[in-house]
Amino acid sequence: MIYIAGPFFNEAQRDFLDRIQNMCKELKLKSYLPYKDGGVKNKNNSHEIFQKNIENLDKSNLVIAYLTM
């Protein structure tokens, strides 16, 4: 599995991450994109979301990290 990491605070950032995930799908590679696959965070579930992200990061064979300033 490929863990896709990066900021998702605005539409352009989410679009870029979505394109990476779409490329993975085209190549028939399983991927995990936290803002899509991790669930919606609220004040009551932040620990649960964090744990889910860590578990999927541990399961991953590769991390693609979109680093931007």
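Note that the structure is predicted; figures quoted are calculated from it, not measured.

J.: Got a minute to help me understand the side chain of Gln21 in this structure?
T.: Here Gln21 shows up in helix H1 (residues 11-26). For Gln21, a relative accessible area of 4% gives the class buried. The contact partners of Gln21, leaving out residues within four places of it in the chain, are Ile4, Ser31, Leu33, Lys36 and Asp37.

J.: Would you take a moment to explain helix H3 (residues 46-59) for this structure?
T.: At 3.6 residues per turn, the α-helix brings residues three or four places apart onto the same side. With 14 residues, H3 extends 20 Å from end C-alpha to end C-alpha; this agrees with the ideal 20 Å at 1.5 Å per step. Those residues of H3 that fall on the buried side of the exposure criterion are Ile49, Asn53 and Asn56. Around the axis of H3, the buried residues are gathered within 70° of arc, so they sit on the same side. In H3, the exposed positions angled more than 90 degrees off the buried face are occupied by His47, Glu48 and Asp58. For H3, the elements touching its buried residues are strand S1 (2-5), strand S2 (31-32) and helix H2 (34-37).

J.: I'm lost on the pattern of salt bridges in this one. Help?
T.: It is possible for side chains of opposite charge to pair when their charged atoms get near one another. Using the criterion set out here, one finds two salt bridges in the structure. Here Arg19 and Asp15 are joined by a salt bridge, their closest N and O atoms 3.4 Å apart. Of this pair, Arg19 and Asp15 are both found in helix H1, four residues apart, which corresponds to roughly one turn of the helix. Residue class for Asp15 comes out partly exposed when judged on its relative accessible area of 40%. Between Lys36 and Asp18 there is a salt bridge whose closest N-O contact spans 3.2 Å. With Lys36 in helix H2 and Asp18 in helix H1, this pair connects stretches of sequence that are 18 residues apart.

The rules behind each value
Residues numbered from 1 in each chain as written. Predicted model: local features only at pLDDT ≥ 70, side-chain atom pairs only at ≥ 80, totals over all residues. Heavy atoms only, no water. Helix = DSSP H or I, 4+ residues; strand = E, 2+ residues; numbered from the N terminus. Buried < 20%, exposed > 50% of the residue type's maximum accessible area, 1.4 Å probe, protein only. Contact = heavy atoms within 4.5 Å. Expected span 1.5 Å × (residues − 1). Arc of directions from axis to C-beta. Salt bridge = Lys/Arg side-chain N within 4 Å of Asp/Glu carboxyl O.

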